[in-house]
Amino acid sequence: MSLAFLIPAAFAALAALLLPLLIHLARRSEQRPTQFAALRWLRQKAKPRHRIRFDEWPLLIVRLLLVALMALLLARPVLHGGESHTPYVAVAPGVDVAKARAALAQTQARWHWLAPGFPQIDATPEAANASLPSLLRELDSNLPEDVTLTVFVPERLDHADGRRIVLSRKVDWRVVPGVMPAEVAQTTPSPLALDIHEPAKPAPGARYLRAALRAWQSPGQPAPGSVKHFAWLEAGEVPAQVREYARNGLTLLLDVDAKFPEVSAWTPLWRDEAGSALIEGAAYGRGRVLRFTRALTPQAMPQLLDATFPQYLRDALEPPAAAPSRVPSAEHAPLTGGPTFPIAPRDLQPWLALLIALAFLLERWFATSSRRAVAP
Amino acid sequence: MNAPGTRIADFIPPAVRARLKDLRLTSRRAVGLQGLGLHHSRSRGAGLEFAQYRAYEPGDELRQIDWKLYARSDRFFVREAERESPLAAWLLIDASASMAQEDKARPGWSRLSAAKGLAACIAELALRQGDRFGLVALRDDGVRLLAPGAGLRQRDRFLLELHGLEARGQWPSPEKLRPLWERIGAGDLVVLLSDGFDDGSVDVMTRLAAARREVLTVRILTAEERDFPFNGGHRFHDPETGEELLGDGAAMRAEFLARFTQARRELDARLDASGIRHAEYVLDQPLDLPLRRLFGARDAAEYA
């Protein structure tokens, strides 16, 4: 365990120690005039003593301490090597702790949940969709190199990364029976449907949308019952009834000529290679309003002819669903060879601030107590 | 509460006044002689023991006229008797500037305040036993003198005189002290209240004692002179000579105390050699302590 200072130059502030010293320096130059009739028997000393003296020692010491502590605070002290070196055992939520304890022979170890904040094993971890590999990497970077890490995971792992975790140390990867808690809110992607409204004269862009709609639907899949997306390909102002649909949760896809005056701030949802927006969107009531920024013709918007158009349109209409992230734990043991990080030293500033507050209170108590005679 | 001496009547603290009961003003020169009063006397006045008749003079009290003799002789005669208490007590107060010195611990109680209190106590004793008492304030700008007398009105005059007394200047030169020799008669009691720092005062005392006056003295010291409690730098100022001395109190303490004690011891020896009764009074002591030493039961026993 060693002490270090991040800003050693701040020790120049120790020069402020002179201030209390000067304040407390007994004012020797002051010669109090004293009436003294028996002067005849008073003899001047050949050499009067000129020893430096200070008034009120306790108060002076407290004030010096206060100034020194403040200089120390400015120097940002940190403590290296204060970490514990006992083995660390992380238990993923869902693992039976009793079984895990039985599985581990080691008696002296720190037991923690593999959950955000790494709560003690006695506490119940909060249900959260935290990424387990991310937690493992955090734990790995925060532990000193020589600490052995044992991880208990259930047979099936949710929220796994796309590849195996790479850590800096060898991890004792124990798989015990158990089930990870269910995800808090898991939505299954629904088949997408788009209802297209076109004016009496068929709009040229509708065929591209229909093609995209057909591309989304797999051959054997039944058409979805409820339509949540509505394409409005008529020029001019959007009727109030349609706006009302959008306000109540419908996603409205507008043609470039359609007018929707109630929305002024549009966010780009799909950009072309040059960076200009092709589809813009905005929230409206409980639903959304999207619009093409160009006419739905291959001349104005060549992307209509691309094979990726249905995919981009679908992404704009509905955010992409999460990638699969469930793996058998036994297959997902972490690899070694990851980067090692220096352990962040412990910051001593909060403790120092507390000490300064105490010293300040003590100083005020000394300075304002009624026992004092004069005030330096 | 007023400081001592701000009102005419309060020179004597009540506690001290209560303790004055068992004190008596005594003079060794009157010891052993018989008389009606406390002290032997040859002077005439009103009293019990008949001394002589004398012719009436304007201003004599009518009750003093012997009316039977008037009936016989058709002239006014006044009966005179021996005075019973003919002792005259002279209170000499040193009013030089050094008497204004006071302790830091008790501001307002200067040497002169103590001298006034002691003088008032002695006057009270004299008044109680019928002795005459007078006051002399000694200062270089003129010696103020209140002729001795007895009675309550004399006491009021005495206290009034004390009230106006202020300390300044120096000890008077020998020429200015001439009224002392003219007015103080042989056998009178002289009490000098002073700090005793002036050689002139010791001179006057020894010469008065040599001239058959009963001299007593109370040396009034401040507690700071006795203990020298100074710490740190001080500029010591002698109010009479104007000399100044810079010094560190703690460094000078031991030597000053030794020298000052030695000086006091020498002075005491000189006073003893001249037969002068003396007492020392420090400002933090009760006011009747020096009086008890001078007039206490040990000396008063000779009168019993």
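Residues numbered from 1 in each chain as written. Chains lettered and ligands numbered in written order. Predicted model: local features only at pLDDT ≥ 70, side-chain atom pairs only at ≥ 80, totals over all residues.

(A) How the structure looks around the overall build of chain A. The secondary structure content of chain A amounts to eight helices and 20 strands. Put simply, chain A has 376 residues, and 22% of those count as buried. Of all intrachain contacts in chain A linking residues separated by at least 6 positions in sequence, the fraction that spans at least 24 positions is 68%. (Helix = DSSP H or I, 4+ residues; strand = E, 2+ residues; numbered from the N terminus. Buried ≥ 20, exposed ≤ 12 C-beta atoms within 10 Å, placed from the backbone. Contact = placed C-beta atoms within 7 Å.)

(B) Region of interest: the packing of helix H3 (residues 111-128) of chain B against helix H4 (residues 152-163) of chain B. Residues and elements named next belong to chain B. The N-to-C vectors of H3 and H4 enclose an angle of 175°; their axes lie 11 Å apart at closest approach. Judged by the inter-axis angle, H3 sits roughly antiparallel to H4. Along the contact surface, H3 presents Lys-116, Ala-119, Ala-120, Ala-123 and Leu-127, while H4 presents Arg-155, Phe-158, Leu-159 and Leu-162. Its residues assigned to classes, the contact of H3 with H4 comprises seven nonpolar, no polar and two charged. (Axes fitted to C-alpha atoms, helices over the stretch in contact; angles between N-to-C directions. Parallel < 35°, antiparallel > 145°, perpendicular 65-115°, else oblique. Nonpolar A, V, L, I, M, F, W, Y, C, P; charged D, E, K, R; others polar.)

(C) The sheet that holds strand S7 (residues 214-221) of chain B, seen in detail. Residue and element names in this part refer to chain B. Here we have six strands laid out as an open sheet, ordered S5-S4-S3-S6-S7-S10, and mixed in their pairing. Edge positions in the open sheet fall to strand S5 (144-149) and strand S10 (277-282), since each of these has one partner strand only. Between one strand axis and the next, the sheet turns by 15° as a mean value, whatever way the strands run. Across four bridges, strand S4 (residues 132-138) lies against S5 in antiparallel orientation. Bridge pairing in S5 links Val-136 to Leu-145. Of the strands in this sheet, S4 and S5 are in contact with H4, which crosses S5 at around 165°. (Pairing = 2+ DSSP bridges.)

(D) Broad picture of the sheet that holds strand S2 (residues 32-35) of chain A. Taken in spatial order, the three strands line up as S2(A)-S8(B)-S9(B) in an open sheet, and their pairing is mixed. Looking at strand neighbours, the two that pair on one side only are S2 of chain A together with strand S9 (244-248) of chain B, the edges of this open sheet. The average angle at which neighbouring strand axes cross in this sheet is 30°, direction not considered. Across the sheet, helix H8 (residues 249-273) of chain B is in contact with strand S8 (233-237) and S9 of chain B; its angle to S9 of chain B comes to roughly 105°.

(E) Broad picture of the interface of chain A and chain B. Between chain A and chain B, the residue contacts involve 18 residues of the former and 26 residues of the latter. The class makeup of the residues in the side of chain A that touches chain B is eight nonpolar, four polar and six charged. Relative to S8 of chain B, S2 of chain A runs parallel, the two sharing four bridges. Counterpart to Arg-32 of chain A in the pairing with S8 of chain B is His-234 of chain B.

(F) Highlighting unusual backbone geometry. Residues and elements named next belong to chain B. Positive phi, close to 60°, is recorded for Asp-74, a residue that is not glycine. Here Asp-74 lies in the loop between helix H2 (67-73) and strand S2 (77-82). Residues other than glycine seldom take positive phi values, yet Arg-212 does so here, at roughly 65°.

(G) Inspection of the nonpolar core at higher detail. Grouped together as the largest cluster of nonpolar side chains are 59 residues, with contacts concentrated most on Ala-89, Leu-91, Ala-119, Ile-122 and Leu-193 of chain B. Put simply, the parts of the chain that give this core at least two residues each are strand S3 (88-94), H3, S4, H4, strand S6 (189-194), helix H6 (199-210), S7 and helix H9 (289-295) of chain B. Per element, the largest residue contribution to this core is eleven residues, and it comes from H3 of chain B. Formed by 26 residues, the second largest nonpolar core is a distinct cluster that contains Ala-203, Phe-292, Leu-304 and Leu-317 of chain A. (Core = buried A, V, L, I, M, F, W, Y, C linked by C-beta atoms within 7 Å.)

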